[in-house]
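Descriptive structure summary
One-letter residues, chain by chain:
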Amino acid sequence: MRIEKEQDVVPFRNRVKEYAVKIGMSLVNQTKLITAASELVRNMLKYAGGGTVLMEVISQTRDTGIRLTFQDKGPGINDIALAMKDGYSSGKSLGLGLPGTKRLVNEFDIKSIVGEGTTVSILKWKNG
Amino acid sequence: MDRIPILRMGHFLLVTIQIDLYDRLATNLESDLVQMVNKTEAKGVLIDISALSIVDSFMGRILGNIGSMSKIMDAETVVVGMQPAVAITLIELGLELKGVHTALNVERGMELLKEKIGSYDREPEDDEDSTE
Amino acid sequence: MKLDIAKGLQKRKNQLLEDWMSLQLADAGLREDLMSNEELREQSNELIEVLLNTISEKKLENIESADFDPVHEILSGISISRARQGFSPRETGIYVFSLKEALIKGLQEDYKDDPPALIEAILKISKLMDSLGVVTFETFIKGREEVILRQTDEISEISTPVIRVWEGILALPIIGTLDSARTQVVMENLLQQIVESGSTIAILDISGVPAVDSLVAQHLIKTVAATRLMGAECIISGIRPEIAQTVVHLGIDLSNIVTKATLASALKHAFSLLKLEVKKAQKEKAAI
């Protein structure tokens, strides 16, 4: 799914919610996942002017979950460790985006090359 | 351009957010509200977010901003009706909405506002229901 | 022309069942307490019938094919129900592998005079039975896991009751260790109850929590913060001396949370927040 402008955010969140409801995720986990997704989409719009999101339903023997992969061709992140620290922000925000997002999901993976773009992938289990 | 309606009730301003906000709408709300506080000399702002299923850090910041801005214009802000799932998510995210009072529902929020504004005229009481 | 394995076995169905039953009954670990002999016979009869109807010379070539689905299905059903009833893996294993023994015995009689064909037939049958054995264990363990999952859910449900002690006051005694999964359940229950009952005060009683380390304290702080976001006040009670000691030694800051030593004093505090007064009844009329 492509995200290019602010107005894409709400339909995108609804799509994520649809998927989460379909696999029977609990309300709290749904909210966490959608909030995390919303943070990442916002980052993508703000720093890279848009990008793509891949939505997958992951099934394992004991659990089902949703994986979202956010890919942009933005400026990239210089120091990932610094960006992951609470209270740090290069823009004018609270600096809770990335570390906060990490706390909301079960798995969080970020890769970034300066000048080429950033890929963030998050995974939330149904009962996690 | 869509706007969130702001209702005036005596000394208070009442805002009910019924749809999921995108960023522009939220920033508009922020500036509109501050304008309204100035124009109406409102003493209290009540924001009902019971219909919001998502509050992310941006939205949280807007709410916080409204609270602090109103505060320096001598108005109290109460956010009411937060969903349990939203509260848990906000805490996990690390947002505590400092500077904003909270209440369970509109009724309680009104009571809280009246109490707070009443306390200006009389001697200041300690506000145990606040979120500081 | 050599004998058809399947046809030979089908003809011997009754005898196979008898052999199988006697092998099962001979096992020392037979669980008559969990299942009567009649039930066992019925179950075995059903399986053997489906199995023998399914196999044929051609199908034996490809044991992975969908032709064996009915067999797998019935076997899965048996092993899941055994897992729930509390059979041990060993007992369930013997159930399937003694069938293999019975089948091989049958084959031996069919192919008495043709050792090479006997070997071939035995190989085929044991391959089939081994794959069925694997299915049995997979489903058996799945059944066990389901039992465990259900119990885990039950425990976390039971262990976090939310009690309405007064109009507008909820109490939540926490018993046992608080981990992040538990905290989430506690938080969810508490916040949901706050909304439903419209309460403004929640008391978290931690006298049943064995130890408070920095992680548990963090969870408590989170719960309190979430309650406040909802617009309710949260009091933590039941702080035992040992807990107070560790909290201070660990340098955990609980100063912006209202804490009380006992549930009683927390309730008193809650009353004063709600501007309620509890008085001894004067003669007839009770005053609150």
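Residues numbered from 1 in each chain as written. Chains lettered and ligands numbered in written order. Predicted model: local features only at pLDDT ≥ 70, side-chain atom pairs only at ≥ 80, totals over all residues. Heavy atoms only, no water.

**Re the overall build of chain A**
Cut-off, in case you're wondering: A helix here means a DSSP run of H or I that spans at least four residues, while a strand means a run of E at least two residues long, and both kinds are numbered starting from the N terminus. The classification of residues rests on relative accessible area computed with a 1.4 Å probe and restricted to protein chains. Under 20% of the type maximum is buried, over 50% is exposed, and intermediate values are partly exposed. It only takes one pair of heavy atoms within 4.5 Å for two residues to be counted as in contact.
The helix and strand inventory of chain A stands at 4 helices and 5 strands. In sequence order, the secondary structure elements of chain A are arranged as β-α-α-β-β-α-α-β-β. Buried positions account for 49% of the 128 residues belonging to chain A. The long-range fraction of contacts in chain A, counting pairs at least 24 apart against all pairs at least 6 apart in sequence, stands at 62%.

**Some points on the interface of chain B and chain A**
As a reminder of what qualifies: Buried surface area refers to the total accessible area, computed with a probe of radius 1.4 Å, that the two partners give up upon joining, counted for both partners together. Each salt bridge in this description consists of a side-chain nitrogen of Lys or Arg and a carboxyl oxygen of Asp or Glu lying within 4 Å of one another. Distance and chemistry together define a polar contact, namely a pair of N or O atoms within 3.5 Å, with one atom able to donate a hydrogen and the other to accept it when in protein, and with adjacent residues in sequence counting only for side-chain atoms on both sides. Gly is placed with the polar residues, together with every amino acid not listed as nonpolar (Ala, Val, Leu, Ile, Met, Phe, Trp, Tyr, Cys and Pro) or charged (Asp, Glu, Lys and Arg).
In this assembly, 20 residues from chain B lie in contact with 22 residues from chain A. Across the interface of chain B and chain A, roughly 2,000 Å² is buried in total on both sides, 58% from carbon and sulfur atoms. Looking at the side of chain B facing chain A, the largest losses of area belong to B:Ile54, B:Glu92 and B:Leu93, adding up to 27% of the total buried there. At the boundary of chain B with chain A, the tally comes to 3 salt bridges. Where B:Asp56 meets A:Arg13, a salt bridge forms, and the shortest distance between an N and an O atom there is 4.0 Å. Summed over the shared surface of chain B and chain A, the number is 5 residue pairs in polar contact (both at pLDDT 80 or more). Listed by contribution, the elements that provide at least two residues to the side of chain B that touches chain A are helix 1 (23-40), helix 2 (57-72) and helix 3 (84-93) of chain B. The leading source of residues in the side of chain B that touches chain A is helix 3 of chain B, at 6 residues. Residue composition of the side of chain B that touches chain A, grouped by class: 10 nonpolar, 4 polar and 6 charged.

**As for a negative patch on the surface**
We apply this condition: A patch consists of residues exposed above 30% relative accessible area that lack any salt bridge, with like charges linked at up to 9 Å and nonpolar side chains (Val, Leu, Ile, Met, Phe, Trp, Tyr) linked at up to 5 Å. Only the protein chains shown count as cover for residues, and all accessible areas are computed by the Shrake-Rupley method using a 1.4 Å probe. We count Lys and Arg on the positive side and Asp and Glu on the negative side, and we leave His and both chain ends out. Lysine's charge is taken at NZ, arginine's at CZ, aspartate's at CG and glutamate's at CD.
The grouping of C:Glu38, C:Glu39, C:Glu42 and C:Glu46 at the surface amounts to a negative patch. Inspection of the secondary structure assignment puts C:Glu38 in helix 3 (residues 37-54).

**Some thoughts on the environment of C:Thr92**
All names here are of chain C. Here Thr92 lies in helix 5 (residues 89-110). Between the C-alpha atoms of Thr92 and Phe140, which are 48 residues apart in sequence, the distance is 8.1 Å. Every residue in contact with Thr92, bar those within four places of it in the chain, is listed here: Ser79, Arg82, Phe87, Thr136 and Phe140.

**Some details on the interface of chain A and chain C**
With 4 residues of chain A in contact, the opposing surface of chain C contributes 4 residues. Carbon and sulfur atoms make up 46% of the surface buried where chain A meets chain C, a total of about 390 Å² over both sides. Our count for the chain A to chain C interface comes out at 0 salt bridges. Summed over the shared surface of chain A and chain C, the number is 0 residue pairs in polar contact (both at pLDDT 80 or more). For the side of chain A that touches chain C, a count of residues per class yields 1 nonpolar, 1 polar and 2 charged.

**Side note on the packing of helix 3 of chain B against helix 8 (residues 214-230) of chain C**
Applicable threshold: Angles shown run from 0 to 180 degrees and are taken between the N-to-C directions of axes, each axis being a line fitted to C-alpha atoms and, for helices, limited to the stretch in contact. Oblique is the label for any angle not under 35 degrees, not over 145, and not in the 65 to 115 range, which are roughly parallel, roughly antiparallel and roughly perpendicular in turn. Helix crossings fall into two classes, left-handed where the near helix is turned counterclockwise from the far one by less than a right angle and right-handed where it is turned clockwise.
One way to put it is that helix 3 of chain B packs onto helix 8 of chain C with a least axis distance of 9 Å and a crossing angle of 130 degrees. With respect to helix 8 of chain C, the axis of helix 3 of chain B lies oblique. As helix 3 of chain B runs across helix 8 of chain C, the sense of the crossing is right-handed. Residue-level contacts link B:Pro84, B:Ala87, B:Leu90, B:Ile91 and B:Glu92 of helix 3 of chain B to C:Lys222, C:Ala225, C:Ala226, C:Leu229 and C:Met230 of helix 8 of chain C. Looking at the contact of helix 3 of chain B with helix 8 of chain C residue by residue, the class counts come to 8 nonpolar, no polar and 2 charged.

**With respect to the pairing of strand 4 (residues 233-237) of chain C**
Each regular strand carries side chains that alternate between the two faces of the sheet. Residue and element names in this part refer to chain C. Under the convention used in this document: Here, a strand pair is defined by DSSP locating no fewer than two bridges between the strands. Clockwise travel from the first strand over the helix to the second, with the strands pointing away from the viewer, marks a crossover as right-handed.
Taking burial as the measure, the 5 residues of strand 4 include 5 buried ones, the bulk of the element. Of the two faces of strand 4, the one lined by Glu233, Ile235 and Ser237 and the one lined by Cys234 and Ile236 are each fully buried. Of the strand pairs in this sheet, strand 3 (residues 201-208) and strand 4 are connected by 5 bridges, and their pairing is parallel. Counterpart to Asp205 in the pairing with strand 4 is Ser237. Read as a crossover between parallel neighbours, the route from strand 3 over helix 8 to strand 4 is right-handed. Here 2 bridges tie strand 4 to strand 5 (residues 258-259), and the two strands are oriented parallel to one another. Across the sheet, residue Ile236 finds its bridge partner in strand 5, namely Thr259.

**So, the sheet that holds strand 5 of chain C**
Residues and elements named next belong to chain C. Spatially, the 5 strands line up as an open sheet ordered 1-2-3-4-5, and their pairing is mixed. The sheet is open, and its two borders are formed by strand 1 (163-166) and strand 5, each paired with just one other strand. Summarising the sheet, strand 2 (residues 169-175) and strand 3 pair through 6 bridges and their orientation is parallel. Pairing of Ile169 across the sheet is with Ile201, part of strand 3.

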